[in-house]
Amino acid sequence: MIGAGGVATVAAFKIVKNIDIFGKLMIASRRKEKCDKLVDAIHAKGYNIDIKTAQVDADDIEQLKALFSDFKPHLVINLALPYQDLTIMEACLACKCNYLDTANYEPKDEAHFEYSWQWAYKDKFEKAGLTAILGCGFDPGVSQVFTAYAAKHYFDEIHYLDIVDCNAGNHHKAFATNFNPEINIREITQKGLYYENGKWIETAPLSIHQDITYPNIGPRDSYLMHHEELESLVKNFPSIKRARFWMTFGKQYLNYLDVIQNIGMSRIDEVVFEAPLADGTGKTERVKIVPLQFLKAVLPNPQDLGENYDGETSIGCRIRGVKNGKEQTYYIYNNCKHQDAYNETGMQGVSYTTGVPAMIGAMMFVKGIWSKPGVWNLEDFDPDPFMEQLNKQGLPWCEEFGKDLEV
Ligand code: NDP
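The name that an unreviewed UniProt entry assigns to the protein chain is Saccharopine dehydrogenase, with the source organism given as Prevotella amnii DNF00058.

### Side note on the side chain of His 159
On the secondary structure map, His 159 appears in strand β6 (residues 157–167). A relative accessible area of 12% places His 159 in the buried class. In terms of polar contacts, His 159 uses its side chain to reach the side chain of Glu 157, at 2.7 Å.

### Examining helix α3 (residues 32–44)
In this model, α3 (13 residues) spans 18 Å end to end at C-alpha, consistent with the 18 Å of a helix rising 1.5 Å per residue. When α3 is considered as a whole, its buried residues turn out to be Cys 35, Leu 38, Val 39 and Ile 42. Relative to the axis of α3, the buried residues are bounded by an arc of 100° and lie together on one face. Looking at α3, the residues exposed on the side facing more than 90 degrees away from the buried face are Glu 33, Lys 37, Asp 40 and Ala 44. In this structure, the buried side of α3 is in contact with α1 (6–17), β1 (26–29) and β2 (52–55). Looking one or two places after α3, you find Gly 46, whose phi comes out positive at around 95°.

### Focus on the nonpolar core
Core analysis: the largest hydrophobic core is formed by 87 residues, its most contacted members being Met 1, Ile 27, Phe 146, Phe 249, Phe 386 and Leu 390. For this core, the element with the most residues is helix α14 (residues 349–366), which contributes nine residues. A domain-level breakdown of this core finds at least three residues from each of domain 1 (142–250 + 302–346 + 394–401) and domain 2 (257–297). Not counting chain neighbours up to four residues away, the residues in contact with Ile 27 comprise Met 1, Gly 3, Ala 4, Ala 12, Cys 35, Leu 38, Val 39, Ile 51, Lys 52, Thr 53 and Ala 54. The next biggest cluster of nonpolar side chains, apart from the first, holds 27 residues, and it includes Cys 92, Tyr 99, Phe 125 and Ala 132.

### Comments concerning helix α10 (residues 229–236)
With six of its eight residues buried, α10 lies for the most part within the structure. Turning to α10, its buried residues number three or more, namely Glu 229, Leu 230, Glu 231, Ser 232, Leu 233 and Val 234.

### Details of unusual backbone geometry
Cis geometry is found at the peptide bond from Asp 139 to Pro 140, where omega equals 10°. Relative to the assigned elements, Pro 140 resides in the loop between β5 (131–134) and α8 (142–153). Residue Lys 96 is not a glycine yet carries a positive backbone phi of 60°. Its place among the elements puts Lys 96 in the loop between α5 (85–95) and β4 (98–101).

### What about a positive patch on the surface?
A cluster of basic residues, Arg 30, Arg 31, Lys 37 and Lys 296, forms a positive patch on the protein surface. As for its position among the elements, Lys 296 is in helix α12 (residues 291–298).

### Description of the domain arrangement of the protein chain
Taken domain by domain, the protein chain holds domain 1 (142–250 + 302–346 + 394–401) and domain 2 (257–297). Centre-to-centre, using C-alpha coordinates, domain 1 lies 34 Å away from domain 2. Summed over both sides, the interface of domain 1 with domain 2 buries roughly 800 Å², with 81% coming from carbon and sulfur. In this structure, the connection of domain 1 to domain 2 is made through one residue pair in polar contact (both at pLDDT 80 or more).

### Observations regarding the packing of aromatic side chains
Scanning the entire structure with this criterion turns up 18 aromatic pairs. Taking 5.6 Å as the distance between ring centres and 20° as the angle between the ring planes, the aromatic pair formed by Phe 175 and Tyr 256 counts as stacked. Separated by 81 residues along the polypeptide, Phe 175 in the loop between β6 and α9 (181–188) and Tyr 256 in helix α11 (residues 251–262) bring together distant segments of the chain. We classify Tyr 256 as partly exposed; its relative accessible area is 36%. Judged by centre distance (5.1 Å) and plane angle (45°), the ring pair of Tyr 330 and Phe 401 falls under tilted. With a gap of 71 residues between them, Tyr 330 in strand β15 (residues 326–337) and Phe 401 in strand β17 (residues 398–401) connect regions that are remote in the sequence. Overall, Phe 401 belongs to the partly exposed group, its relative accessible area being 41%. Here the aromatic residues Tyr 149, Tyr 154, Phe 155, Tyr 330, Trp 397 and Phe 401 are joined through ring pairs into a cluster of three or more. The ring centre of Trp 119 lies 4.4 Å from the NZ or CZ of Lys 235, which sits over that ring. Lys 372 extends its terminal NZ or CZ atom over the ring of Phe 381, reaching a point 5.1 Å from the ring centre.

### Comments concerning the UniProt feature "domain: Saccharopine dehydrogenase-like C-terminal" (unreviewed entry) in the protein chain
Look at the UniProt record and you will see "domain: Saccharopine dehydrogenase-like C-terminal" (unreviewed entry) annotated at residues 137–395. Helix makes up 32% of residues 137–395 and strand 32%. Its end C-alpha atoms lie 12 Å apart.

### Considering the sheet that holds strand β3 (residues 75–78)
An order of β3-β4-β5-β16 is seen for the four strands of this open sheet, with the pairing classed as parallel. Since the sheet does not close on itself, it has two edges, and those belong to β3 and β16 (374–377), each with one partner. Each strand axis lies, on average, 15° off the axis of its neighbour in the sheet, ignoring direction. Direction of pairing for β5 relative to β16: parallel, over a ladder of four bridges. Paired with Ala 132 across the strands is Val 375, a residue of β16.

Thresholds, definitions, all that
Residues numbered from 1 in each chain as written. Predicted model: local features only at pLDDT ≥ 70, side-chain atom pairs only at ≥ 80, totals over all residues. Heavy atoms only, no water. Helix = DSSP H or I, 4+ residues; strand = E, 2+ residues; numbered from the N terminus. Buried < 20%, exposed > 50% of the residue type's maximum accessible area, 1.4 Å probe, protein only. Polar contact = N/O pair within 3.5 Å; in protein donor to acceptor, adjacent residues only side chain to side chain. Expected span 1.5 Å × (residues − 1). Arc of directions from axis to C-beta. Contact = heavy atoms within 4.5 Å. Core = buried A, V, L, I, M, F, W, Y, C linked by side-chain atoms within 4.5 Å. Domains from an automatic or database assignment. Patch = residues over 30% accessible without salt bridge, like charges linked within 9 Å, V, L, I, M, F, W, Y side chains within 5 Å. Areas by Shrake-Rupley, 256 points an atom, 1.4 Å probe, with all protein chains shown as cover. Salt bridge = Lys/Arg side-chain N within 4 Å of Asp/Glu carboxyl O. Lys, Arg positive; Asp, Glu negative; His and termini not counted. Charge placed at Lys NZ, Arg CZ, Asp CG, Glu CD. Buried area = accessible area lost by both parts, 1.4 Å probe. Phe/Tyr/Trp six-rings, centres within 6.5 Å; stacked < 30°, edge-to-face > 60°. Lys NZ or Arg CZ within 6 Å of the ring centre and 35° of its normal. UniProt positions renumbered as here; feature names shortened; annotations may be inferred. Pairing = 2+ DSSP bridges. Axes fitted to C-alpha atoms, helices over the stretch in contact; angles between N-to-C directions.

See below:
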């Protein structure tokens, strides 16, 4: 596993709970001490399992190759950042390792979300006889498994798909992001995008919103955003006429976001900064910094939010289509309580809802159920065994049929 952040922590706990299936685990990240701390946290919860740790800069293919040649992993679970997807995939090809991640590749200097870069590896993985599983978190991830499950069992054709993602939790901080702040703010400040009648329609960032009612939570203002899984879903389910993604944001969060953008702190280009020298002389030097990376350094670490986080998340798919010539509506979702996630893993619900599916995807691969040479999105696989594991591994799901869906 590469990365030792919030998502990786949850995945590590869950792998350890299923260690009989996984065999051996190594955790490697930019800073080895963070991996060691994670192993200590696992041991402190009573899991006395030998876990290797290592330092690796996943931007550096040679370092990755040296690590993979040494440990010889059957599967590399990439829970670092989207910037590292391609270097890790390259190293996997060179060392004959299979691959899984939770977010599509993004170049550092351009917040751009699409699968083309990773899909371009399809032939290479196929020829090498290796499997690459893309986007195995909750959304992307479970959202696609839910859609595939609906298509397999309840619809002849899916026509309308709305992925609805609500975080009704409260971490009691003025402003914090629930996963890596740099990645999160890049994503939210992008233009909205949805698919309708064969075309992609672009909208101004967070300009379309409406109340959506979430189970056990109630109505929450939900904003239309671009989300990467829409790209593969409309390709894999060509009967879809419209596909959209909605996410809730509170007023306070949006006010802060507005300020961050207006004062230039969400910029991802380099600016020159007069930084003090480390020698304590008070002299300065001109260095280049990226404002958004600096902001990340001063914002709360998403890994530290869990303790005081209350409330729950609710993420699901609302689907309309036809079965046996009749219109059918279907809603499938999971609700996850932040405190339950924290008690089990020390992390909040957003890390939990991402780390658990990453482990389940890895389990599907290791068991040989989701193993086929090539580069795949989750709806390319049989959803049933994954759905069964969601219920067993802490993310149980609920279904509603025939209701009048709001979106
Ligand atoms: P964090 O920032 O908490 O963790 C990222 C980890 O990767 C950190 O341990 C970090 O090291 C490490 N890392 C960063 N750069 C490198 C590098 N060059 N080499 C090696 N290790 C590196 O992020 P999260 O855990 O919140 O998110 C992890 C991934 O999950 C992200 O890709 C995110 O986009 C994705 N995600 C997906 C979701 C989904 O539903 N599909 C939802 C939420 C997140 P250090 O600690 O030293 O900085």
